[in-house]
Amino acid sequence: MEDLLELRNLETDQDIKVEKSKVIIGRDTSCDIVLDSGESSRRHAQLVNENGLWMLEDLKSTNGTYLNNREVRKSSLVKAGDIIRIGDQTLLVVNPNAPTNQTILGARMGTLPSSFVIDEGAADETSMRVAISTPPGWTSRDQAAFGSGADKTDDDLLTALLKTKDIDTSSAVAVLMVTKGRVKQSLFVVPRANSSDQWSVGRSSTCAIVIDDVTVSNNHATLELDDGDWHVRDQGSTNGVKVNGIRTELGRITSGDKVCFGEVELLFRRL
């Protein structure tokens, strides 16, 4: 049937068949399509079939609904190949009659899921699914330096990423690579020039390390260097700080540790 609609959740690789003329998308378990996301409203958006055409509408959600990286402010036509973003979930509109391996337009993607890499040289035309996971924010240049193979660790990824970056170790003391999250930046550099050996982390532009994510508080945490030892201190953030999956108010960190601010996870390495 021509008006059949299918979605693919690019975060979970789940195929979702839409079998009703109207479906509600949101966090509430009563929704037709339930998203496991703290950034999704309980009833976030809806898809409605109007005379064979699928229309997307935002249901006055807190964080908005985005179609091909543009906020949905009125009922908008949805077609195969379109990208719907709700919070930190990305849904690809699939043509059920098309081959499994679909081309996805790079310009339609705000921030890519970790299993996708966009060719920056032709972002409007080319992207393809790759067999390996890469960190958020990676470019095709980063991917080329990394090479192929599914057996790479996050530490291997960071080593490969550092090869593509011109980081002066005389002016930087550490780096943080994003391993999970919806931020556009893949790597954060901790600068050496700091008389107090403390670096603020948060969403505010006044922080030393700015992480632009709604789950990160304005002044979320501080990184502290004391006599050669690194620590991370929660500054009363809303969503907390975790070190290797364990929530902490003050935790010691070493190279290879995973530090999580809100829902953004980063791999720490001292230089």
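This text follows the structure it describes.
So, a few notes on the structure that sits alongside this text. Since this is a predicted model, take the numbers as computed values, not measurements.

## Concerning the environment of arginine 182
Here arginine 182 is to be found in the loop between strand S14 (172-180) and strand S15 (187-191). Taking the C-alpha atoms as reference points, arginine 182 and aspartate 212, 30 residues apart in sequence, are found 8.8 Å from one another.

## Here we look at the pairing of strand S23 (residues 258-261)
Both faces of the sheet carry side chains from a regular strand, because those side chains alternate between them. Pairing analysis gives 3 bridges linking strand S20 (residues 241-243) to S23, with the strands arranged antiparallel. Residue pairing in the sheet places valine 241 in a bridge with phenylalanine 261 of S23. Pairing of S23 with strand S24 (residues 264-270) involves 4 bridges; the strand directions are antiparallel. Counted as the bridge partner of cysteine 260 is glutamate 265 from S24. The antiparallel hairpin formed by S23 and S24 contains 2 residues in its connecting segment, where glycine 262 sits at a positive phi of about 60°.

## Structural notes on the packing of aromatic side chains
Per the stated rule, a full pass over the model turns up 2 aromatic pairs. By the ring-pair criterion, three or more aromatic residues cluster together here, those being Trp199, Trp230 and Phe268. The cationic tip of arginine 85 hangs over the ring face of tyrosine 66; the distance from NZ or CZ to the ring centre is 4.5 Å.

## Description of the pattern of salt bridges
By the definition in use, this model includes 7 salt bridges. Residues glutamate 71 and arginine 73 are paired through a salt bridge, measuring 3.1 Å at the closest nitrogen-oxygen approach. Arginine 269 is the partner of aspartate 155 in a salt bridge, and the nearest nitrogen-oxygen pair spans 2.9 Å. With aspartate 155 in helix H2 (residues 154-163) and arginine 269 in strand S24, this residue pair connects regions lying 114 residues apart in the sequence.

## Description of the pairing of strand S5 (residues 45-50)
Among the 6 residues of S5, 5 are classified as buried, and the element is accordingly described as predominantly covered. Direction of pairing for strand S3 (residues 22-26) relative to S5: antiparallel, over a ladder of 4 bridges. Bridging from a neighbouring strand, isoleucine 25 pairs with alanine 45 of S5. In textbook terms, the turn of a hairpin is the stretch between consecutive antiparallel strands, and for S5 and strand S6 (residues 53-58) this stretch comprises 2 residues, one of which, asparagine 51, has a positive phi near 55°.

## Some points on the side chain of asparagine 68
Along the chain, asparagine 68 falls in the loop between strand S7 (65-67) and strand S8 (70-71). Side chain to side chain, asparagine 68 and aspartate 82 meet in a polar contact 3.1 Å long.

## A few points about the sheet that holds S5
Taken in spatial order, the 5 strands of this open sheet run S4-S3-S5-S6-S9, and their pairing is mixed. Since the sheet does not close on itself, it has two edges, and those belong to strand S4 (33-34) and strand S9 (76-78), each with one partner.

## So, the nonpolar core
Residues Val190, Ile211, Leu223, Trp230, Val232 and Phe261 are the most contacted members of the largest nonpolar core, which totals 23 residues. At the level of secondary structure, the elements contributing two or more residues to this core comprise S14, S15, strand S16 (198-202), strand S18 (221-226), strand S19 (229-234), S20, S23 and S24. The element that contributes the greatest number of residues to this core is S14, accounting for 4 residues. Filtering out sequence-adjacent residues up to four positions away, phenylalanine 261 remains in contact with Val201, Ile211, Thr215, Val216, His220, Ala221, Val232, Gly240, Val241 and Leu266.

## Some details on the side chain of glutamate 39
Within the secondary structure, glutamate 39 is located in the loop between S4 and S5. Buried charge glutamate 39 goes without a salt bridge, the closest partner of opposite sign being arginine 85 at 6.5 Å. Apart from the residues within four sequence positions on either side, glutamate 39 is in contact with His44, Asn63, Gly87, Asp88, Asp213, Val214, Thr215 and Glu263.

## Quick notes on the sheet that holds S14
Spatial ordering of the open sheet is given by S15-S14-S24-S23-S20-S21, a layout of 6 strands whose pairing is antiparallel. Two strands in the sheet have a free side with no partner beyond their single neighbour: S15 and strand S21 (246-247). Bridge count between S20 and S21: 2 bridges; the pairing is antiparallel. Following the sheet pairing, valine 243 is matched in S21 by isoleucine 246.

Calculation criteria
- Residues numbered from 1 in each chain as written.
- Predicted model: local features only at pLDDT ≥ 70, side-chain atom pairs only at ≥ 80, totals over all residues.
- Heavy atoms only, no water.
- Helix = DSSP H or I, 4+ residues; strand = E, 2+ residues; numbered from the N terminus.
- Pairing = 2+ DSSP bridges.
- Phe/Tyr/Trp six-rings, centres within 6.5 Å; stacked < 30°, edge-to-face > 60°.
- Lys NZ or Arg CZ within 6 Å of the ring centre and 35° of its normal.
- Salt bridge = Lys/Arg side-chain N within 4 Å of Asp/Glu carboxyl O.
- Buried < 20%, exposed > 50% of the residue type's maximum accessible area, 1.4 Å probe, protein only.
- Polar contact = N/O pair within 3.5 Å; in protein donor to acceptor, adjacent residues only side chain to side chain.
- Core = buried A, V, L, I, M, F, W, Y, C linked by side-chain atoms within 4.5 Å.
- Contact = heavy atoms within 4.5 Å.
- Lys, Arg positive; Asp, Glu negative; His and termini not counted.

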